[in-house]
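A look at the structure
One-letter residues, chain by chain:
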Amino acid sequence: ARLLSLGRTAGRREWGAGGVWTIQCVVSSWGVVRQLGGWPRPPQRDFTRGRCKPYAGDGFVCAICHDDLLVGTVALTRGELGYFMHPTHAGRGIMSAAVDKAIETGFVDEGHALLTASTWIDNAASHHLLTKRGFVHYRSEYIRSKARGSPAMVRQYRLTRDTWDRLRTGAQ
C-alpha cells in the first residue's frame, strides 16, 4: 500500500504486522465499522490481514499517518473514493487533507473524469466532507451492511473533474 503521511514524504511500504494490528484496532470501534459496508463485526483478523495487502487494482489505497501513527486509510479504487479513520483523530482536518490529496491524485495523476463515493445515511460527517468538496448526491438505495447485520440506506455521490476544477480555481 502507498503511505500517505501528511506533512511528510509519501512512499511505498508493506503494512506489516503492526499495521494490521493498528487497522484491526481502528475497525474494532463501532463508530468506524458501522460506517464500512464490507467489514464484519466483530472484526476478523484474517479479513483485516487480507485488506492490508498491497492493492494491485485500478487506483490506490493509502495509510493515513499522523505523527508517525497509522490512524486510518483513504482509497480511490476504480474511481470510487473510500476512507476511514479512528475517531480519536476526528475534527483535526486529517481526513480532509487526505481526501483532498486523493481527489487531486484521482483527477490529475490518474486522469479520471468522474469520482464517486457513498455514505450511510446516518454518517453526517462524511456527507459534509463530500459535499464541501463538490460531490453531489445523485441516488440512495438500501445495501446490506456486514457490520450492522442488515440493509441500510446508502447515499451515493459523484464529483466531475469540471466541478472540481471550478471549485479549486474559484471560476464561475
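All figures in this text were calculated on a predicted structure; none of them were measured in a lab.

In this structure, His89 sits in the loop between β5 (80-85) and α4 (94-109). At 3.1 Å, the side chain of His89 forms a polar contact with the side chain of Thr88. If we ignore the near neighbours within four places in the chain, the residues touching His89 are His66, Leu69, Val71 and Ile94.

With that settled, the discussion passes to helix α5 (residues 124-132). Those residues of α5 that fall on the buried side of the exposure criterion are Ser126, Leu129 and Leu130. The buried residues of α5 all sit within an arc of 90° when viewed along its axis, so they share a single face. The exposed residues of α5 that point more than 90 degrees off its buried face are Ala124, His128 and Lys132. Buried residues belonging to α5 abut β5, α4, β6 (114-120) and β8 (150-160). Looking one or two residues past α5, Gly134 carries a phi angle of roughly 100°, positive in sign.

Turning our attention to the confidence of the model for the protein chain. When pLDDT is averaged along the protein chain, the result is 80; 80% of the residues meet or exceed 70. Of the regions scoring below 50 in pLDDT, residues 1-14 engages in 36 contacts with residues more than four places distant in sequence or in other chains.

Looking now at the pairing of β6. The side chains of a regular strand alternate, residue by residue, between the two faces of the sheet. With 2 bridges connecting them, β5 and β6 associate as parallel partners. Bridging across to β6, Leu81 finds its partner in Ala117. With respect to chirality, the unit in which β5 leads through α4 into the neighbouring parallel β6 is right-handed.

Turning our eyes to something else, we now look at the nonpolar core. Grouped together as the largest cluster of nonpolar side chains are 24 residues, with contacts concentrated most on Val74, Leu81, Tyr83, Met95, Val99, Ile103 and Phe135. Among the secondary structure elements, those contributing two or more residues to this core are β3 (59-66), β4 (69-77), β5, α4, β6, α5 and β8. Per element, the largest residue contribution to this core is 7 residues, and it comes from α4. Apart from residues no more than four positions distant in its own chain, Tyr83 is found in contact with Leu36, Thr73, Val74, Met95, Val99, Ser126, Leu129 and Leu130. Val20, Ile23, Cys65 and Phe84 belong to the second-largest nonpolar core, a separate cluster that totals 11 residues.

About the criteria used
- Throughout this description, residue numbers start from 1 for each chain and increase along the sequence as written.
- The predicted nature of this model means local features are confined to residues of pLDDT at least 70 and side-chain atom pairs, given and counted, to a pLDDT of 80 or more, with totals for whole chains, interfaces and linings taken over all residues.
- Only hydrogens and water are set aside when side-chain values are computed; all heavy atoms of the structure are taken into account.
- A run of H or I in DSSP becomes a helix once it reaches four residues, and a run of E becomes a strand once it reaches two; helices and strands are each numbered from the N terminus.
- Throughout this description, a polar contact denotes any pair of N or O atoms lying within 3.5 Å of each other; where both atoms belong to protein, one of them has to be capable of donating a hydrogen while the other can accept it, and for residues adjacent in sequence the pair is counted only when both atoms sit in side chains.
- Any two residues having at least one pair of non-hydrogen atoms within 4.5 Å are treated as being in contact.
- With a 1.4 Å probe rolled over the protein chains alone, any residue whose accessible area is under 20% of its type maximum counts as buried; one over 50% counts as exposed, and the rest are partly exposed.
- Starting at the helix axis, one direction is taken to each C-beta atom, and the arc is that of these directions.
- One confidence number per residue, pLDDT, is output by the predictor and ranges from 0 to 100.
- The criterion for strand pairing is that DSSP finds at least two bridges linking the strands in question.
- Here a crossover is taken to be right-handed if, once the strands point away from the viewer, the path from the first strand over the helix to the second is traced clockwise.
- In this text, buried Ala, Val, Leu, Ile, Met, Phe, Trp, Tyr and Cys residues form a nonpolar core when linked through side-chain atoms within 4.5 Å.

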